[in-house]
Amino acid sequence: MHRNTHLAAFNSKVRAAISLAWVVGPPLAFTLVANFGFAASFSVAIACVVVATLFVVKVVPGQKANQHSLNTTLKGSLSLPFWLVGLAILAGMAGNVMYLSSMPLYVMNELGLPENLPGLMMGVVAALEIPTMLLAAKLARRFPPAGIMAVAFIFGCCFYVGVYFSQASWELLTLQILNALFYGLYAGIGLTLLQQQAPDLTGFTSAFYSNATRVGMMLGTIGAGTVAQFFSFRDATIGSLCIAIFGLNVMLVFMFVKREAH
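Since this is a predicted model, take the numbers as computed values, not measurements.

K.L.:
Is there a simple way to explain the overall build of the protein in this structure?
P.N.:
From N to C terminus, the protein includes nine helices and zero strands. The N-to-C order of helical and strand elements in the protein reads α-α-α-α-α-α-α-α-α. For the protein, the proportion of its 262 residues judged to be buried stands at 43%. For the protein, long-range pairs separated by at least 24 residues make up 84% of all intrachain contacts whose partners lie at least 6 apart in sequence. On the protein, roughly 14,000 Å² of surface is accessible, and the fraction owed to carbon and sulfur atoms is 71%.

What follows is the structure, encoded as structure tokens:
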């Protein structure tokens, strides 16, 4: 239990650090595009990559591989709860990316709102996600992580419904509170919950988590383009809602399976 608590705190801090970049990145990108064009945005992106590369080479210390984890092999089959959590992680990312892929064009082209609003929305939700992710680690000490994940999907459902019916900038910005609660809790607790299903395979579960999120991103992007082609960018939000409902049901099945196992 003590080890899981430290693991949840570490995972949440890592995710929060990633969200910190989202606080500055999207608003800056959309502002540059609106005022100077795409060339300026790409130039700044290249400069950031160069700075990050130099930082890694000059500052980040080298690490020796843990021989124990190198010798760890996957024995037997993984449990059903492990796969259910992985499926929920995939669904959460797919719904989030489906929304993110369609949101800028929906806001600018279909609602006719300011061009810098999508970047502002991303920056606001990223700023709110940071304390939410850190809070997720503390909540994991008092409440079952699976319950926290289920609540996260409920927030996601409420958020997508709100976005679908919103028409004004202030409404979309206010809804980012729900978005932060959804993604902050989901991202802050997902990896920890997955690792709890295979505690002796921390490296494997980290790789599995990364691959699950990548597959979710791929499916979300494809889904957003498909729905937008045949319907509208607004309707892509309904796709995100359906995926969030699916993710919620997966977590409910997970909790049922765990309860029956005990």
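K.L.:
Quick question: what am I supposed to make of the environment of Met149 here?
P.N.:
Following the sequence through the fold, Met149 ends up in helix α6 (residues 145-165). Distance from Met149 to Val85, taken between C-alpha atoms, is 9.4 Å for residues 64 residues apart in sequence. Ignoring anything within four residues of it in the chain, the contact list for Met149 reads Ala88, Ile89, Tyr186, Ile189, Gly190, Leu193 and Met251.

K.L.:
What should I look at first to understand the packing of helix α4 (residues 80-110) against helix α7 (residues 169-197) in this one?
P.N.:
The N-to-C vectors of α4 and α7 enclose an angle of 155°; their axes lie 10 Å apart at closest approach. By the criterion of interaxial angle, the relationship of α4 to α7 is roughly antiparallel. Viewed along their axes, α4 and α7 form a crossing whose handedness is left-handed. In contact with Pro81, Phe82, Val85, Gly86, Ala88, Ile89, Gly92, Met93, Asn96, Tyr99 and Val107 of α4, α7 contributes Leu172, Gln176, Asn179, Phe182, Tyr183, Tyr186, Gly190, Leu193, Leu194 and Gln197.

K.L.:
Please clarify how the packing of α4 against α6 should be interpreted in this entry.
P.N.:
Packed helices, taken two at a time, are described by their axes: the angle between them and the distance between them. For the pair α4 and α6, the least separation of the axes is 12 Å and the interaxial angle reads 20°. In terms of axis orientation, α4 runs roughly parallel to α6. α4 and α6 meet at a crossing whose hand is left-handed. Taking contact as the criterion, the partners of Ala88, Ile89, Gly92, Gly95, Asn96, Tyr99 and Tyr106 in α4 are, on α6, Met149, Phe153, Phe159, Tyr160, Val163 and Tyr164. When grouped by side-chain class, the residues that make up the contact of α4 with α6 number 10 nonpolar, three polar and no charged.

K.L.:
In this structure, what is going on with the packing of aromatic side chains? I would like to understand it.
P.N.:
How two aromatic rings sit relative to each other is given by the distance of their centres and the angle of their planes. If you walk through the whole model with that rule in mind, you get 14 aromatic pairs. Each ring, one from Phe82 and one from Trp83, has its centre 5.9 Å from the other, and the planes form 85°; the classification is edge-to-face. The interplanar angle of 75° and the centroid separation of 5.4 Å between the aromatic rings of Trp83 and Phe208 together place this pair among those described as edge-to-face. Within this pair, whereas Trp83 is found in helix α4, its partner Phe208 is found in helix α8 (residues 202-230), the two being separated by 125 residues in sequence. What makes Trp83 partly exposed here is its relative accessible area of 45%. The aromatic ring of Tyr164 is capped on one face by Arg234, whose charged end is 3.9 Å from the ring centroid.

K.L.:
What's the story with the state of the cysteines in this structure? I'm lost.
P.N.:
Here, disulfide denotes a covalent bond that connects the sulfur atoms of two cysteines. For the structure shown, the criterion picks out zero disulfides. With no disulfide partner, Cys157 has as its closest neighbouring cysteine sulfur the one in Cys158, 6.8 Å distant. Taking relative accessible area as the criterion, Cys157 reaches 11% and is therefore assigned buried. With no disulfide of its own, Cys242 lies 9.2 Å from the sulfur of Cys157, the closest cysteine sulfur. Cys242 sits in the partly exposed class, given a relative accessible area of 49%.

What counts, and where the lines are drawn
Residues numbered from 1 in each chain as written. Predicted model: local features only at pLDDT ≥ 70, side-chain atom pairs only at ≥ 80, totals over all residues. Heavy atoms only, no water. Helix = DSSP H or I, 4+ residues; strand = E, 2+ residues; numbered from the N terminus. Buried < 20%, exposed > 50% of the residue type's maximum accessible area, 1.4 Å probe, protein only. Contact = heavy atoms within 4.5 Å. Areas by Shrake-Rupley, 256 points an atom, 1.4 Å probe, with all protein chains shown as cover. Axes fitted to C-alpha atoms, helices over the stretch in contact; angles between N-to-C directions. Parallel < 35°, antiparallel > 145°, perpendicular 65-115°, else oblique. Left-handed = near helix turned anticlockwise from the far one by under 90°. Nonpolar A, V, L, I, M, F, W, Y, C, P; charged D, E, K, R; others polar. Phe/Tyr/Trp six-rings, centres within 6.5 Å; stacked < 30°, edge-to-face > 60°. Lys NZ or Arg CZ within 6 Å of the ring centre and 35° of its normal. Disulfide = S-S within 2.5 Å.

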